[in-house]
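Geometric and topological summary
Now for the letters of each chain:
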Amino acid sequence: MSHTAWTPTEFEARLREQGKAYHIHHPFNVMLNTGKASREQIQGWVANRYAYQIAIPVKDAAVLSNCPDRDVRREWIQRILDHDGFELGGVRDEGGIEAWIRLGEATGLTREEVVDGRHITPGVQFAVDAYVNFARRAPWQEAVCSSLTELFAPEIHKQRLATWPEHYPWIESGGLQYFRNRVSQARRDVEQGLRVTLDHFNTAALQRRALDILKFKLDVLWAMNDAMATRYGVTA
Ligand code: AHQ
C-alpha cells in the first residue's frame, strides 16, 4: 500500500474511476432510461426519490452547521436555495423540490401522494437517512466529499432528457424541468466539491478515506435502486 499521496490530478482520476459503480448502471435505472419501465415503475421511482430530494437541503444544512469557514458556507448555501427555492430581492424561484412534485404530477401521481410519502419503501428511506446522518456527524470536509457522486450526475440527467420524451411521450414535457435544471447545478456543485476535496484530502491515508466515503455514497444510491427494484420489479 503506497504511503505517498497522489497528485491532485491522479486523485481526481481515482475519484472519477469510481463512476463505474454509479447508479446509472443499476438495472432499475437502465430499465427506466431504455424505455422498458411501466407507468407504475416510473411513478414508484419518482415517489420514492422524493424521499431523497427533500433530504438534500437537510443534509446540506448539516454540512453548513459543521462548517466554520464562511467562504465555504457562502457557496454551499446555494444548494439549499436550489432545492427549497427562495424569494430574495424580488427574485423568486420555486426550487427543485417543487419541480420534483411537478415531475410526479406529470407522471400521473397526485401532489398529495408524492408529498405524504405513502409510496416510499423502507429501504429507500433507510438509505436516505444513512446519508443525512453521515453528513450530520462526519467532519464537514467528508460530507462535502460524499456529494461527489455528482461528478457523474450530469450524464444521468442528460440521459433522461435524451430518452424519456421518446420512450414516455405521455409524461408532460414540463415535468422534466427538474433534470434540465440539475445539469448545470450539478456541474456548479462539483466545482466546489472537488476543490474542497482535492485540497483537504492531501495524504495517502486521507485519499483512501475519500475513496471510501465516495463508495459509501455510491452504495446509498445503489441501495435506493435495489429497494425500488424489489418493490416494483425490473423489466429487462
Ligand atoms: O437531484 C440530485 C441532487 O440534487 C443531488 C445533490 C447531490 C448531493 O448533495 O449528494 N447529489 C444529488 C443527486 C441528484 N440526483 C440523482 C439522480 O440520479 O437523479 C443523482 C444524485 C447524485 O449523483 O448524488
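Before reading further, recall that the structure is shown in the block above.
Residues numbered from 1 in each chain as written. Predicted model: local features only at pLDDT ≥ 70, side-chain atom pairs only at ≥ 80, totals over all residues. Heavy atoms only, no water.

As for the packing of aromatic side chains
- With the rule as written, the count across this model stands at 13 aromatic pairs.
- On the numbers, 5.6 Å between centres and 65° between planes, the contact of W45 with W164 is edge-to-face. Of this pair, W45 sits in helix α3 (residues 39-66) while W164 sits in helix α9 (residues 153-167); the two residues are 119 residues apart in sequence, bridging distant segments of the chain.
- Geometrically, the ring pair formed by Y168 and W170 is edge-to-face, given 6.2 Å between the ring centres and 70° between the ring planes.
- Here a set of aromatic residues connected by ring pairs shows up, and it is made of W45, W100, W164, Y168, W170, Y178 and F179. (Phe/Tyr/Trp six-rings, centres within 6.5 Å; stacked < 30°, edge-to-face > 60°. Helix = DSSP H or I, 4+ residues; strand = E, 2+ residues; numbered from the N terminus.)

Considerations on the environment of F179
- Following the sequence through the fold, F179 ends up in helix α10 (residues 177-200).
- Expressed as a C-alpha distance, the spacing of F179 and Q125, which sit 54 residues apart in the sequence, is 22 Å.
- When near neighbours in sequence (up to four residues on either side) are disregarded, F179 contacts W45, W100, L103, H157, R160, L161 and W164. (Contact = heavy atoms within 4.5 Å.)

Here we look at the site of the ligand
- In the vicinity of the ligand there are 21 residues, among which K59, H83, T149, Y178 and K217 approach most closely.
- Here an oxygen atom of the ligand and a side-chain polar atom of H23 are 2.8 Å apart.
- The side chain of Y131 places a nitrogen or oxygen atom 2.6 Å from an oxygen atom of the ligand.
- In isolation the ligand offers 470 Å² of accessible surface; the protein chains occlude 100% of this area.
- Sorting the residues of the shell around the ligand by element identifies α3, α4 (70-84), α9, α10 and α11 (204-232) as the ones contributing at least two each.
- Looking at the shell around the ligand element by element, the count peaks at 5 residues for α3.
- Residues belonging to the shell around the ligand are distributed by class as follows: 8 nonpolar, 6 polar and 7 charged. (Near = heavy atom within 4 Å. Polar contact = N/O pair within 3.5 Å; in protein donor to acceptor, adjacent residues only side chain to side chain. Areas by Shrake-Rupley, 256 points an atom, 1.4 Å probe, with all protein chains shown as cover. Nonpolar A, V, L, I, M, F, W, Y, C, P; charged D, E, K, R; others polar.)

Observations concerning helix α5 (residues 96-106)
- Judged by how many residues are buried, α5 sits mostly within the fold: 9 of 11 residues are covered.
- Where α5 is concerned, the buried positions are G96, I97, E98, A99, W100, I101, L103, G104 and A106.
- Each element contacted by the buried residues of α5 is listed here: α3, α4, α6 (111-115), α9 and α10.
- Two residues or fewer past α5, G108 is found with a positive phi of approximately 100°. (Buried < 20%, exposed > 50% of the residue type's maximum accessible area, 1.4 Å probe, protein only.)

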